[in-house]
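Next come the chains, spelled out residue by residue.
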Amino acid sequence: MQKQIEKYRKKGMKLTPQRLAILEYLDGNTAHPTAEDIYRAVKKKHPTLSFATVYNTLQALVNMGEVMELTIDPERKHFDPDTTPHHHVICTRCGRIGDVFVDYSRRLELPEEVTRSFTVTSNHIDFYGVCKNCERKRRTK
Ligand code: ZN
Ligand code: MN
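Here's what I pulled together on the structure shown here. Here the structure is a predicted model, which means the values were calculated and not measured.

Once that is clear, we can look at the coordination of the zinc ion (ligand 1). Every protein donor of the zinc ion (ligand 1) is listed here as Cys91 (SG), Cys94 (SG), Cys131 (SG) and Cys134 (SG), and their distances to the metal cover 2.3 to 2.4 Å. Taken together, the 4 donor atoms surrounding the zinc ion (ligand 1) define angles of 105 to 113° at the centre, an arrangement classified as tetrahedral. For the zinc ion (ligand 1), the single-chain donor residues occur in sequence as C-x2-C-x36-C-x2-C. Classification of Cys131 by relative accessible area gives buried; the value is 10%.

A cluster of nonpolar side chains, contributed by Leu110, Phe118 and Val120, occupies part of the molecular surface with about 310 Å² of accessible area. Relative to the helices and strands, Val120 is located in the loop between helix H5 (112-117) and strand S5 (126-129).

Bound to the manganese ion (ligand 2) are the protein donor atoms His32 (NE2), Asp80 (OD), His86 (NE2), His88 (NE2) and Asp99 (OD), situated 1.9 to 2.3 Å from the metal. Note on Asp80: relative accessible area 2%, which makes it buried.

Time to look at the side chain of His86. Considering the arrangement of structural elements, one finds His86 in the loop between strand S2 (78-80) and strand S3 (87-91). You can call His86 buried: its relative accessible area is 9%. Only 3.0 Å separates the side chain of His86 from the side chain of His88, close enough to count as a polar contact. A polar contact is formed between the side chain of His86 and the side chain of Asp99, at a distance of 3.0 Å. What His86 contacts, discounting residues up to four positions off in sequence, is His32, Met68, Asp80, Asp99, Val100 and Phe101.

The subject of this paragraph is the layout of surface pockets. In this structure, the largest pocket occupies an estimated 340 Å³ of space. The wall of the largest pocket is formed by 19 residues, among which Pro85, His86, His87, Asn123 and His124 lie closest to the centre. Residue assignment for the lining of the largest pocket shows that the elements contributing at least two residues are strand S1 (68-70) and S3. In terms of residue count, the dominant contributor to the lining of the largest pocket is S1 (3 residues). Tallied by class, the residues present in the lining of the largest pocket amount to 7 nonpolar, 9 polar and 3 charged. In terms of domain composition, the lining of the largest pocket takes at least three residues from each of domain 1 (2-80) and domain 2 (87-140).

What counts, and where the lines are drawn
- Residues numbered from 1 in each chain as written.
- Chains lettered and ligands numbered in written order.
- Predicted model: local features only at pLDDT ≥ 70, side-chain atom pairs only at ≥ 80, totals over all residues.
- Heavy atoms only, no water.
- Donors = N, O, S within 2.8 Å, 3.2 Å for Na, K, Ca; no water.
- Tetrahedral: all angles 85-135°; square planar, octahedral: opposite > 155°, others 65-115°.
- Buried < 20%, exposed > 50% of the residue type's maximum accessible area, 1.4 Å probe, protein only.
- Patch = residues over 30% accessible without salt bridge, like charges linked within 9 Å, V, L, I, M, F, W, Y side chains within 5 Å.
- Areas by Shrake-Rupley, 256 points an atom, 1.4 Å probe, with all protein chains shown as cover.
- Salt bridge = Lys/Arg side-chain N within 4 Å of Asp/Glu carboxyl O.
- Helix = DSSP H or I, 4+ residues; strand = E, 2+ residues; numbered from the N terminus.
- Polar contact = N/O pair within 3.5 Å; in protein donor to acceptor, adjacent residues only side chain to side chain.
- Contact = heavy atoms within 4.5 Å.
- 1 Å grid on protein atoms, 1.4 Å probe; cavity = no way out; pocket = protein on both sides within 12 Å on 5 of 7 lines; lining within 4 Å.
- Points joined across faces, edges and corners; volume = space filled by probe spheres on them.
- Nonpolar A, V, L, I, M, F, W, Y, C, P; charged D, E, K, R; others polar.
- Domains from an automatic or database assignment.

Structure follows, in C-alpha coordinates:
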(Lines give C-alpha, C1' and ligand atoms only; values in the text may rest on other atoms or scores of the structure.)
(Ligands and ions follow the chains in the order given, each with its own letter.)
Protein backbone atom coordinates (compact mmCIF):
# COMPACT_ATOMS: atom_id res chain seq x y z
CA MET A 1 0.00 0.00 0.00
CA GLN A 2 2.78 2.44 0.96
CA LYS A 3 4.56 1.72 -2.31
CA GLN A 4 1.35 2.31 -4.23
CA ILE A 5 0.76 5.63 -2.46
CA GLU A 6 4.20 6.77 -3.60
CA LYS A 7 3.33 5.75 -7.13
CA TYR A 8 0.09 7.76 -7.09
CA ARG A 9 1.95 10.78 -5.72
CA LYS A 10 4.51 10.55 -8.50
CA LYS A 11 1.74 10.38 -11.08
CA GLY A 12 0.45 13.67 -9.72
CA MET A 13 -2.57 12.41 -7.84
CA LYS A 14 -3.60 14.65 -4.96
CA LEU A 15 -3.89 12.39 -1.95
CA THR A 16 -6.39 13.85 0.49
CA PRO A 17 -7.34 11.79 3.56
CA GLN A 18 -10.61 10.87 1.82
CA ARG A 19 -8.82 9.70 -1.30
CA LEU A 20 -6.41 7.69 0.83
CA ALA A 21 -9.37 6.06 2.56
CA ILE A 22 -10.81 5.10 -0.83
CA LEU A 23 -7.45 3.65 -1.91
CA GLU A 24 -7.23 1.73 1.34
CA TYR A 25 -10.71 0.31 0.89
CA LEU A 26 -9.85 -0.84 -2.63
CA ASP A 27 -6.45 -2.31 -1.73
CA GLY A 28 -6.72 -6.09 -2.10
CA ASN A 29 -10.53 -5.88 -2.34
CA THR A 30 -11.81 -8.89 -4.30
CA ALA A 31 -15.54 -8.09 -3.95
CA HIS A 32 -15.76 -5.96 -7.14
CA PRO A 33 -17.56 -3.08 -5.40
CA THR A 34 -19.70 -0.47 -7.14
CA ALA A 35 -19.11 3.25 -6.60
CA GLU A 36 -22.07 3.16 -4.19
CA ASP A 37 -20.53 0.31 -2.17
CA ILE A 38 -17.28 2.28 -1.86
CA TYR A 39 -19.13 5.47 -0.95
CA ARG A 40 -21.18 3.76 1.76
CA ALA A 41 -18.18 1.97 3.29
CA VAL A 42 -15.75 4.90 3.32
CA LYS A 43 -18.39 7.40 4.48
CA LYS A 44 -18.58 5.58 7.83
CA LYS A 45 -15.14 6.89 8.73
CA HIS A 46 -15.32 10.08 6.66
CA PRO A 47 -18.84 11.48 7.10
CA THR A 48 -18.15 14.51 4.90
CA LEU A 49 -17.24 12.31 1.92
CA SER A 50 -19.22 13.15 -1.20
CA PHE A 51 -20.22 10.75 -3.93
CA ALA A 52 -18.48 13.02 -6.44
CA THR A 53 -15.16 12.44 -4.65
CA VAL A 54 -15.61 8.68 -4.93
CA TYR A 55 -16.60 8.99 -8.56
CA ASN A 56 -13.69 11.29 -9.47
CA THR A 57 -11.15 9.17 -7.60
CA LEU A 58 -12.35 6.03 -9.37
CA GLN A 59 -12.19 7.79 -12.73
CA ALA A 60 -8.61 8.92 -12.02
CA LEU A 61 -7.60 5.39 -10.99
CA VAL A 62 -9.19 3.89 -14.11
CA ASN A 63 -7.39 6.44 -16.30
CA MET A 64 -4.10 5.58 -14.58
CA GLY A 65 -4.72 1.89 -15.24
CA GLU A 66 -4.70 1.13 -11.51
CA VAL A 67 -8.32 -0.02 -11.33
CA MET A 68 -10.40 -1.91 -13.86
CA GLU A 69 -13.92 -0.83 -14.68
CA LEU A 70 -16.21 -3.83 -15.14
CA THR A 71 -19.24 -3.71 -17.41
CA ILE A 72 -20.47 -7.25 -16.69
CA ASP A 73 -23.43 -5.93 -14.67
CA PRO A 74 -25.88 -4.05 -16.94
CA GLU A 75 -27.28 -2.23 -13.89
CA ARG A 76 -24.10 -0.56 -12.67
CA LYS A 77 -20.35 -0.42 -13.07
CA HIS A 78 -18.12 -2.41 -10.72
CA PHE A 79 -14.48 -1.73 -9.94
CA ASP A 80 -11.60 -4.14 -9.60
CA PRO A 81 -8.21 -3.15 -8.14
CA ASP A 82 -6.78 -6.40 -9.53
CA THR A 83 -5.60 -5.34 -12.99
CA THR A 84 -3.92 -8.62 -13.89
CA PRO A 85 -5.66 -10.09 -16.97
CA HIS A 86 -8.67 -12.14 -15.89
CA HIS A 87 -12.34 -12.72 -16.62
CA HIS A 88 -15.45 -12.57 -14.47
CA VAL A 89 -18.55 -14.58 -13.70
CA ILE A 90 -21.70 -12.89 -12.41
CA CYS A 91 -24.70 -14.36 -10.59
CA THR A 92 -27.75 -13.16 -12.51
CA ARG A 93 -29.86 -13.35 -9.32
CA CYS A 94 -27.82 -11.50 -6.67
CA GLY A 95 -25.15 -9.82 -8.80
CA ARG A 96 -22.22 -11.42 -7.00
CA ILE A 97 -19.09 -11.34 -9.20
CA GLY A 98 -16.31 -13.91 -9.11
CA ASP A 99 -12.88 -14.04 -10.76
CA VAL A 100 -11.88 -16.41 -13.56
CA PHE A 101 -8.12 -16.67 -13.85
CA VAL A 102 -7.87 -18.57 -17.11
CA ASP A 103 -6.23 -17.34 -20.30
CA TYR A 104 -8.55 -18.15 -23.18
CA SER A 105 -6.82 -15.94 -25.73
CA ARG A 106 -4.88 -18.74 -27.40
CA ARG A 107 -7.98 -20.89 -27.75
CA LEU A 108 -9.97 -18.28 -29.61
CA GLU A 109 -9.57 -18.47 -33.33
CA LEU A 110 -11.27 -16.13 -35.74
CA PRO A 111 -12.54 -17.16 -39.16
CA GLU A 112 -10.66 -15.82 -42.13
CA GLU A 113 -13.42 -13.49 -43.28
CA VAL A 114 -12.92 -11.62 -40.01
CA THR A 115 -9.13 -11.50 -40.01
CA ARG A 116 -9.22 -10.36 -43.62
CA SER A 117 -11.17 -7.23 -42.66
CA PHE A 118 -10.02 -6.66 -39.05
CA THR A 119 -6.81 -6.67 -37.09
CA VAL A 120 -8.23 -7.84 -33.79
CA THR A 121 -6.32 -6.55 -30.78
CA SER A 122 -8.44 -7.72 -27.87
CA ASN A 123 -11.51 -9.60 -26.80
CA HIS A 124 -13.82 -9.70 -23.83
CA ILE A 125 -15.25 -12.77 -22.12
CA ASP A 126 -17.82 -12.69 -19.32
CA PHE A 127 -19.66 -15.62 -17.76
CA TYR A 128 -23.24 -15.62 -16.45
CA GLY A 129 -24.81 -18.03 -14.05
CA VAL A 130 -26.33 -18.56 -10.62
CA CYS A 131 -24.17 -18.63 -7.49
CA LYS A 132 -24.38 -21.50 -4.99
CA ASN A 133 -26.02 -19.27 -2.38
CA CYS A 134 -28.88 -18.35 -4.71
CA GLU A 135 -29.23 -21.93 -5.87
CA ARG A 136 -29.54 -23.14 -2.28
CA LYS A 137 -32.08 -20.46 -1.45
CA ARG A 138 -34.26 -21.46 -4.37
CA ARG A 139 -34.14 -25.14 -3.46
CA THR A 140 -35.21 -24.60 0.16
CA LYS A 141 -38.17 -22.43 -0.85
ZN1 ZN B 1 -26.32 -15.21 -6.32
MN1 MN C 1 -11.77 -9.47 -10.74
